[in-house]
Structures are given as structure tokens and as C-alpha cells.
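# Descriptive structure summary
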Amino acid sequence: MFAIFTRGVVDSWRATLAWAVGLVAAAALYLPLFPSMVGNGQMQQLLKSLPTQLVRTLNYDQLGSGPGYTQSTLFGLLGFLLLNMATIAWGASAVGGDEESGLLELTLAHGVTRVQLVAGRALAILARLLFLVLVMYCAVAVLNGPSQLNLDLGKVAGAALGYAGLLALSAAAALLGGALRGRRVHGLILGAAVSVLGYVFNAVGKQSDSAKWLLDFSPYHWFFGSDPFSQGVDWGACAGMWGGTIALMVLAALVLRTRDVGR
């Protein structure tokens, strides 16, 4: 399992570094704009010009504060999109992609159990994800002072851990999808469903009281609903997301054990 984990990390270091550069660029693009947008009143004018429903949908109702701006623009929008693209693709390829290419049978022929394979690949995905979230945290810490965000870096650290759990949940769903059918596309569909439906349920649930029940089924709301960058992370929600991630990964290993591999 350790060899599979190591190979999964080493073989992908260039791609992981490229994603890290993209996340740093996103932080450098968004965060330094905060002082100018707040100082000349552009932020308030922008929010007043937008429909209230749209502001709620995009979680832009707290853009006037540094923590709210960081949460909504970097972590809630572009960073969320980039990291979901990366982690869902990794999860879908970990088993489903290898089985499509014929490499999975070759690996299993070398005395590696299916549980060890899934565990090693899953740990490699989590290691890469935690590295990228750490990069985002470091970028925010560096830009906190120059961008006048007034962030509590302790709260940001807790929020980063919960944020990683949110993204890991989609990655684990993609891993399960690939293990279920042995096809990368099934992993992409299942991982994207968890991520997209979570975002949609959060958006729709905020529109009216009659739709609030949807928020209970939105991992996106479980994390962002507590305003973790200003109020601190909801540790119960954080534990739930990480617990769900582990459960999906265990299920992926069990599913792979029960079916024939290859075509």
C-alpha cells in the first residue's frame, strides 16, 4: 500500500505543482482587489445593483468584510471550481481510469490486494489535496496584510481543514464511481453530482423558506453555512464530511472486492 501511495504522489507531482500555481495565481488575482473595492464604495454599489436572490446564491452577502470576501471569491467560487476539477478527476482515474487502460489488472497481478490498491490510491489523492489546500492557506497568509483582509489565521487554518473535507467528499464519490463500474466516466459523473448538487441545493435553499430543507442535503452549505472564515469552522460538519469521505472510500474498496476486474 505504501508503494502504491508513493507512486501515486511521485508520478503526479508535475500536475500537482501546476494546480498549485493556478491556485496561487487565483489568490493573487482576487485578494489584492479588496482594499480598492471597499475603500471607494464599489463593493456596496455592486451588491445593490444585483438582485437579492443572486447575491444569496453566490454567497456575496458578506463581501464587505475581509473574511467574507476571501470566503466568497477565492474559496467559494474559483478555488472551489479548480480544486473540484482536480480532485474529481483524480478520484475517477484512480480505479476506473486504470481499469479502462488495462493497468489495473497488471497492478493486481503483482501480489497487491484490491483493498491495498484502493487505500494507497485514496491516500495519494488526500495527500495531494491537503498539499493544495496548504498552498492556498499560505497564499492567503502572505496576502492577508497587504490586502488588508484582517483575517484570523487560526480560524483560516480550521476552515482550510473543513474545506479539504468538502473537496475530499467529492473525490471519494468519484473514486467509488470508478470502482463500481470500472469506467472513468462513471467516477466523473458521481463526483460531479455530489459537488454540483451540493452547490445547487445551497443556492436554491437560500431562495425561500419553503426550500430551506435542501440545505440539509448540501455539503457546500454544511461548510460555508457557518461562515467559517469569520466565525470559525463548524467542527461537527467538518467531522461529518471527513467521516463521509472515509465511508465512501471504504465502500469503494469493498465494491472492488466483489466484482470481476477487466473486460
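First, a word on scope: everything that follows refers to the structure included in this document. (Residues numbered from 1 in each chain as written. Predicted model: local features only at pLDDT ≥ 70, side-chain atom pairs only at ≥ 80, totals over all residues. Heavy atoms only, no water.)

## Points about the packing of helix H6 (residues 66–101) against helix H9 (residues 153–181)
- H9 packs onto H6 with a crossing angle of 30 degrees between their chain directions and a minimal axis gap of 7 Å. As far as their axial angle goes, H9 and H6 are roughly parallel. The hand of the H6/H9 crossing is right-handed. Here H6 contributes Phe75, Gly79, Phe80, Leu83, Asn84, Thr87, Ile88, Gly91, Ala92, Ala94, Val95 and Gly96 to the contact with H9, which in turn contributes Tyr163, Leu166, Leu167, Ser170, Ala171, Ala174, Leu175, Gly178 and Ala179.
- Residue composition of the contact of H6 with H9, by class: 14 nonpolar, seven polar and no charged. (Axes fitted to C-alpha atoms, helices over the stretch in contact; angles between N-to-C directions. Helix = DSSP H or I, 4+ residues; strand = E, 2+ residues; numbered from the N terminus. Parallel < 35°, antiparallel > 145°, perpendicular 65-115°, else oblique. Left-handed = near helix turned anticlockwise from the far one by under 90°. Contact = heavy atoms within 4.5 Å. Nonpolar A, V, L, I, M, F, W, Y, C, P; charged D, E, K, R; others polar.)

## With respect to the pattern of salt bridges
- If you walk through the whole model with that rule in mind, you get five salt bridges.
- Across the salt bridge formed by Glu99 and Arg259, the nearest N and O atoms sit 2.6 Å from each other. Highlighted residues: Glu99 in helix H6 and Arg259 in the segment after helix H13 (235–257), separated in sequence by 160 residues. Grouping residues by exposure puts Glu99 and Arg259 together as buried. (Salt bridge = Lys/Arg side-chain N within 4 Å of Asp/Glu carboxyl O. Buried < 20%, exposed > 50% of the residue type's maximum accessible area, 1.4 Å probe, protein only.)

## Concerning the nonpolar core
- Among the nonpolar cores identified, the biggest contains 64 residues, and Leu31, Leu74, Phe75, Leu83, Tyr163, Leu175 and Phe223 are the most heavily contacted of them.
- Broken down by secondary-structure element, the contributors of at least two residues to this core are helix H2 (13–30), helix H3 (34–39), H6, helix H7 (103–108), helix H8 (114–144), H9, helix H11 (219–224) and H13.
- Ignoring anything within four residues of it in the chain, the contact list for Leu83 reads Leu23, Leu132, Val133, Met136, Tyr163 and Leu167. (Core = buried A, V, L, I, M, F, W, Y, C linked by side-chain atoms within 4.5 Å.)

## A look at the layout of surface pockets
- Looking at the largest pocket, its volume works out to about 390 Å³.
- Going through the elements one at a time, helix H1 (2–10), H6 and H8 are the ones with two or more residues in the lining of the largest pocket.
- Tallied by class, residues from the lining of the largest pocket come to eight nonpolar, four polar and five charged.
- Computed from the structure, the second largest pocket encloses a volume of approximately 210 Å³.
- When residues of the lining of the second largest pocket are assigned to their parent elements, the largest contribution, eight residues, is made by H6.
- Residues of the lining of the second largest pocket, tallied by class, amount to ten nonpolar, three polar and no charged. (1 Å grid on protein atoms, 1.4 Å probe; cavity = no way out; pocket = protein on both sides within 12 Å on 5 of 7 lines; lining within 4 Å. Points joined across faces, edges and corners; volume = space filled by probe spheres on them.)

## Some points on empty space enclosed by the protein
- Taken as a whole, this structure holds one cavity of 30 Å³ or more when the rule is applied.
- Volume-wise, the largest cavity comes out at about 50 Å³.
- If you go around the largest cavity, the residues you meet are Phe80, Asn84, Leu166, Ser170, Val194, Ser195, Gly198, Pro219 and Tyr220.
- If you list the elements that add at least two residues to the lining of the largest cavity, you get H6, H9, helix H10 (184–205) and H11.
- Residue contributions to the lining of the largest cavity peak at three residues, all from H10.
- Of the residues belonging to the lining of the largest cavity, the class tally is five nonpolar, four polar and no charged.

## Details of the packing of aromatic side chains
- In total, this model carries twelve aromatic pairs according to the counting rule given.
- Arranged with centres 4.5 Å apart and planes meeting at 35 degrees, the rings of Tyr220 and Phe224 form a pair that is tilted. Of this pair, Tyr220 and Phe224 both sit in helix H11, separated by four residues, roughly a single helical turn. Accessibility assignment for this pair places Tyr220 and Phe224 in one class, buried.
- Ring plane angle 90 degrees and centroid distance 6.5 Å describe the contact between Phe223 and Phe229, whose orientation is recorded as edge-to-face.
- Exposure remark for Phe229: the relative accessible area of 1% places this residue in the buried category.
- Cluster of aromatic residues (ring-pair linked, three or more members): Phe75, Phe80, Tyr163, Tyr199, Tyr220, Phe223, Phe224 and Phe229. (Phe/Tyr/Trp six-rings, centres within 6.5 Å; stacked < 30°, edge-to-face > 60°.)

## Some details on the environment of Ala3
- By the secondary structure assignment, Ala3 is in helix H1.
- When the C-alpha positions of Ala3 and Thr73 are compared, they lie 38 Å apart, and in sequence the two are 70 residues distant.

## Focus: the side chain of Ser12
- The topology assignment puts Ser12 in the loop between H1 and H2.
- Looking at Ser12, the relative accessible area reads 9%, which means it is buried.
- A polar atom in the side chain of Ser12 sits 3.1 Å from the side chain of Arg128. (Polar contact = N/O pair within 3.5 Å; in protein donor to acceptor, adjacent residues only side chain to side chain.)

## Focus: unusual backbone geometry
- Even without a glycine there, the phi angle at Gln148 is positive, about 55 degrees.
- Inspection of the secondary structure puts Gln148 in the loop between H8 and H9.
- Positive phi is not limited to glycine here, since Asp227 has a value of about 50 degrees.
- Its location among the elements puts Asp227 in the loop between H11 and helix H12 (228–231).

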